[in-house]
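Notes for the structure review
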Number of protein chains: 2
Amino acid sequence: MSSAPASQVLSEKQNQQVERILKARNDDHGGVMVEMANEPMDAGVFVYLLRASLSHWRRQGKKGVWIKMPIELVNLVEPAVKEGFYYHHAEPKYVMLVQWLPSIANTLPASASHQVGIGAFVVNDKNEVLVVQEKNGKFGRTDVWKFPTGVVHEGEDICDAAVRELKEETGIDSNFLEILAFRQSHKSFFDKSDLFFVCMMQPLSFDIKPQESEIEAAQWMPYEEYAAQPFVQKHELLQYVADVCRRKKDGVYSGFSAVPTITSFSKKKCYLYLNTQD
Amino acid sequence: MSSAPASQVLSEKQNQQVERILKARNDDHGGVMVEMANEPMDAGVFVYLLRASLSHWRRQGKKGVWIKMPIELVNLVEPAVKEGFYYHHAEPKYVMLVQWLPSIANTLPASASHQVGIGAFVVNDKNEVLVVQEKNGKFGRTDVWKFPTGVVHEGEDICDAAVRELKEETGIDSNFLEILAFRQSHKSFFDKSDLFFVCMMQPLSFDIKPQESEIEAAQWMPYEEYAAQPFVQKHELLQYVADVCRRKKDGVYSGFSAVPTITSFSKKKCYLYLNTQD
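So, how was this worked out
Within each chain, residue numbers correspond to sequence positions counted from 1 in written order. Each chain gets a letter, beginning with A, and each ligand a number, beginning with 1, in the order they are written. Where totals are concerned, whole chains, interfaces and linings use all residues; where local detail is concerned, this predicted model gives features only for residues with pLDDT of at least 70, and gives and counts side-chain atom pairs only at 80 or more. Working from all heavy atoms in the structure, the side-chain values ignore hydrogens and water. Comment: elements are numbered from the N terminus, with helices defined as DSSP H or I runs of at least four residues and strands as E runs of at least two. Expected span of a helix: the number of residues minus one, times 1.5 Å. Side-chain atoms alone can form a polar contact between residues adjacent in sequence; in general such a contact is a pair of N or O atoms within 3.5 Å, and within protein one must be able to donate a hydrogen while the other accepts it. Two aromatic rings, drawn from Phe, Tyr or Trp (for Trp, its six-membered ring), form a pair once their centres lie within 6.5 Å of each other, and the interplanar angle then sorts them: stacked below 30 degrees, edge-to-face above 60, tilted otherwise. When accessible area is computed with a 1.4 Å probe and restricted to protein chains, residues below 20% of their type maximum are described as buried, those above 50% as exposed, and intermediate ones as partly exposed. For a ring to carry a charge above it, either NZ of a lysine or CZ of an arginine must fall within 6 Å of the ring centroid while also lying within 35 degrees of the normal to the ring plane. Copies are brought into register by a least-squares superposition over C-alpha atoms of residues with pLDDT of at least 70 in both. The contact rule is simple, with two residues in contact once any of their heavy atoms fall within 4.5 Å. Pairing between strands is defined by DSSP: at least two bridges between them are needed. UniProt positions are given in the numbering used here, feature names are shortened, and annotations may be inferred rather than shown by experiment. For this analysis, a nonpolar core means a set of buried residues of the types Ala, Val, Leu, Ile, Met, Phe, Trp, Tyr and Cys, connected via side-chain atoms within 4.5 Å. For helices, the fitted axis covers only the stretch in contact; all axes are lines through C-alpha atoms, and the angles between them, taken along N-to-C directions, range from 0 to 180 degrees.

What follows covers helix α2 (residues 43-59) of chain A. Residues and elements named next belong to chain A. Relative to the 24 Å expected for 17 residues at 1.5 Å per residue, α2 spans 24 Å between its end C-alpha atoms, a close match to the ideal helical length. A side-chain oxygen of the first residue of α2 lies 2.9 Å from the backbone nitrogen of Gly 44; this N-cap is Asp 42. Looking one or two places after α2, you find Gly 61, whose phi comes out positive at around 75°.

Right, dumping it as structure tokens:
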């Protein structure tokens, strides 16, 4: 058999080389991302490939190395950490490991920093506000009547979350009108920061059906009665919110409306919240 | 030797029992939290303790079981997953594992869902706006002049983040004035959602010193020249923002100011953002 041409030999060598390192794609910041396929891999084989890969990426001057590791490959997490990786973030089905290769300062971004919640301010035409008593959490088993509240899901618009939570907790259908105010706080759930948006909602139905699992009781309550509760009176934050709501109810306050538009780069639908009344 | 009194025997038995399960504290939602001490533990010992603990917590009717596992104990992650745990979230120094014990629907909360960013709108008394060209990221190596932008750190107030980022990127000192608008988008960085706040800043200094690592160029630019850029003109979102900024500049728009207050339950300092001009 004749020998293969030099170029072909080189190409086979390169292929072998490629097969001996982990498959990775470049990111936008001078690093590489390895998304491990969900197929069993022996820890020894993984360490062999990982060491060769790290040498290769170091020679290429790569900065951050990311490994997205499915939970099925949990046997490879300890070996990766022993090779210098640490946790970046995790979701139920995977852990994201990362390592910064260069000697210059690490500029890797942090993981998601905030939870987002909503409170729904709903008034009917009798000047009554929709309030609930919760079964669980900090307000559970207290006699405090509060606005329906809830957590905004990942991927969910704030205005949609307010409609959904209101329906779930009280059975009331509604339209989102405005964000009246929002509060940022820190060291909240799992030490993350928290953004809480007070949303003015227009009720479209009025018969209350409290959510069995979470809501002890729900009712339409005269606004002044809500605002006069000792719990509201003794907390400055709740007084501010109650005052904003009263002013909105009386037509002398403008919050932020939701204007549908699209993001500049990725061309995805999104909402811009701004004052459309001025 | 005389035998110990019955009560003491019982107590020793109880102590032994306690030592054979993992130390845990109750959470507010019917579950338990195990914070693993940062001391080496053999995987076999851990599995033994974990199985006994899970039996104990099941008998007690516990719901969610959380294990905060320091990265030094990475050898225990695989055993925990094999016993039915999965990832909840992770930070550089630990991974949080969780398991839902009861047969009723899982009501465990999701991990942090949002990143938060700011854009700084800064105008001097010549009606010029402060703009930058970036070295990296999506806008890197383009001729787009844009507002200085940055990421709000975990635990950082939005109003403080705007002052910090502006100083870092341009050397300009400033006071936070108002949030003029904000945009929520999804499937952003690592598939998380994103909240971006446009902040009006009052400049306190005017000599620009661009940040070497991130900023290609920075300048004061006539506002109309900024708004006339093709990149701004062709993106509806940027036109909305430019329009809000123009109206604010002309004194006919009110955004949200930052009012310092304290959170209702944990008595921590926080900011409430609301329209204080109406």
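This paragraph deals with the packing of aromatic side chains. As enumerated under the stated definition, the model contains 28 aromatic pairs over all chains in all. With a centroid separation of 5.3 Å and 35° between ring planes, the pair formed by Phe 182 of chain A and Phe 197 of chain B is classed as tilted. In this pair, Phe 182 of chain A sits in strand β9 (residues 174-185) while Phe 197 of chain B sits in strand β10 (residues 193-203), so the two residues belong to two different chains. Phe 197 of chain B shares its class with Phe 182 of chain A; the two are buried. Ring-pair connections join several aromatic residues into one group, and the members of that group are Phe 176, Phe 182, Phe 197, Phe 256, Tyr 271 and Tyr 273 of chain A together with Phe 176, Phe 182, Phe 197, Phe 256, Tyr 271 and Tyr 273 of chain B. A cation over a ring is seen here: Lys 249 of chain A above Tyr 223 of chain A, with NZ or CZ 4.8 Å from the ring centre.

Let us look at the relation of the copies chain A and chain B. Between chain A and chain B, which share one sequence, the superposing operator has a rotation angle of 180° and an axial displacement of 0.0 Å; the RMSD is 0.1 Å. Each copy turns onto its partner about a two-fold axis. Here 100% of the interface residues in chain A have copies in chain B that are interface residues too; the copies meet face to matching face.

Note: most residues except glycine have negative phi, and most peptide bonds are trans. Positive phi, close to 65°, is recorded for Asn 127 of chain A, a residue that is not glycine. Structurally, Asn 127 of chain A is set in the loop between β6 (114-122) and β7 (128-134). Relative accessible area serves as the criterion here: at 35%, Asn 127 of chain A is assigned to the partly exposed category. The residue Asp 191 of chain B is not glycine, and still its phi comes out positive at about 65°. Structurally, Asp 191 of chain B can be placed in the loop between β9 (174-185) and β10. Taking the relative accessible area as the measure of exposure, Asp 191 of chain B reaches 40% and is therefore partly exposed.

Turning our eyes to something else, we now look at the sheet that holds strand β1 (residues 25-26) of chain A. All names here are of chain A. In spatial order, the strands read β1-β2-β3-β5-β4; together these five strands make up an open sheet with mixed pairing. Strands with a single pairing partner mark the edges of an open sheet, and in this sheet they are β1 and β4 (86-91). Note: β1 against strand β2 (residues 32-35), two bridges, orientation antiparallel. Paired with Asn 26 across the strands is Val 32, a residue of β2.

Moving on, we get to the UniProt feature "domain: Nudix hydrolase" (unreviewed entry) in chain A. Following the UniProt record, one finds the feature "domain: Nudix hydrolase" (unreviewed entry) at residues 113-245 of chain A. Summarising residues 113-245 of chain A: 24% helix, 38% strand, and an end-to-end C-alpha distance of 29 Å.

Counting residues in each nonpolar core, the largest one holds 100 residues, and the members touching the most others are Phe 197 of chain A together with Phe 197 of chain B. Residue contacts for Phe 197 of chain A: discarding those within four places in its chain leaves Val 116, Gly 117, Ile 118, Gly 119, Ile 158, Ile 179, Ala 181 and Phe 182 of chain A together with Phe 182, Leu 195 and Phe 197 of chain B.

For the rest of this paragraph, the subject is the pairing of β7 of chain A. All names here are of chain A. In terms of burial, β7 is a largely internal element, seven of the seven residues being buried. Bridging between β7 and strand β11 (residues 215-222) involves seven bridges; their strand directions are antiparallel. The residue bridging Val 129 from the neighbouring strand is Met 221, located in β11.

With that settled, the discussion passes to the sheet that holds strand β2 (residues 32-35) of chain B. Residue and element names in this part refer to chain B. The strand order across the open sheet formed by five strands is β1-β2-β3-β5-β4, and the pairing between neighbours is mixed. The sheet terminates laterally at β1 (25-26) and β4 (86-91), the two strands that pair on one side only. Sheet analysis places β4 next to strand β5 (residues 94-100), joined by five bridges and oriented antiparallel. Looking at β5, one finds that Tyr 86 is bridged to Val 98. Lying on the sheet, helix α2 (residues 43-59) is in contact with β2, β3 (64-70) and β5; it crosses β3 at an angle near 155°.

Moving on to the side chain of Arg 183 of chain A. Considering the arrangement of structural elements, one finds Arg 183 of chain A in strand β9. In this structure the side chain of Arg 183 of chain A is engaged in a polar contact, spanning 2.9 Å, whose partner is the side chain of Asp 194 of chain A. Ignoring sequence-local partners within four residues, the contact set of Arg 183 of chain A consists of Asp 194, Leu 195, Phe 196 and Leu 237 of chain A together with Thr 263, Cys 270, Tyr 271 and Leu 272 of chain B.

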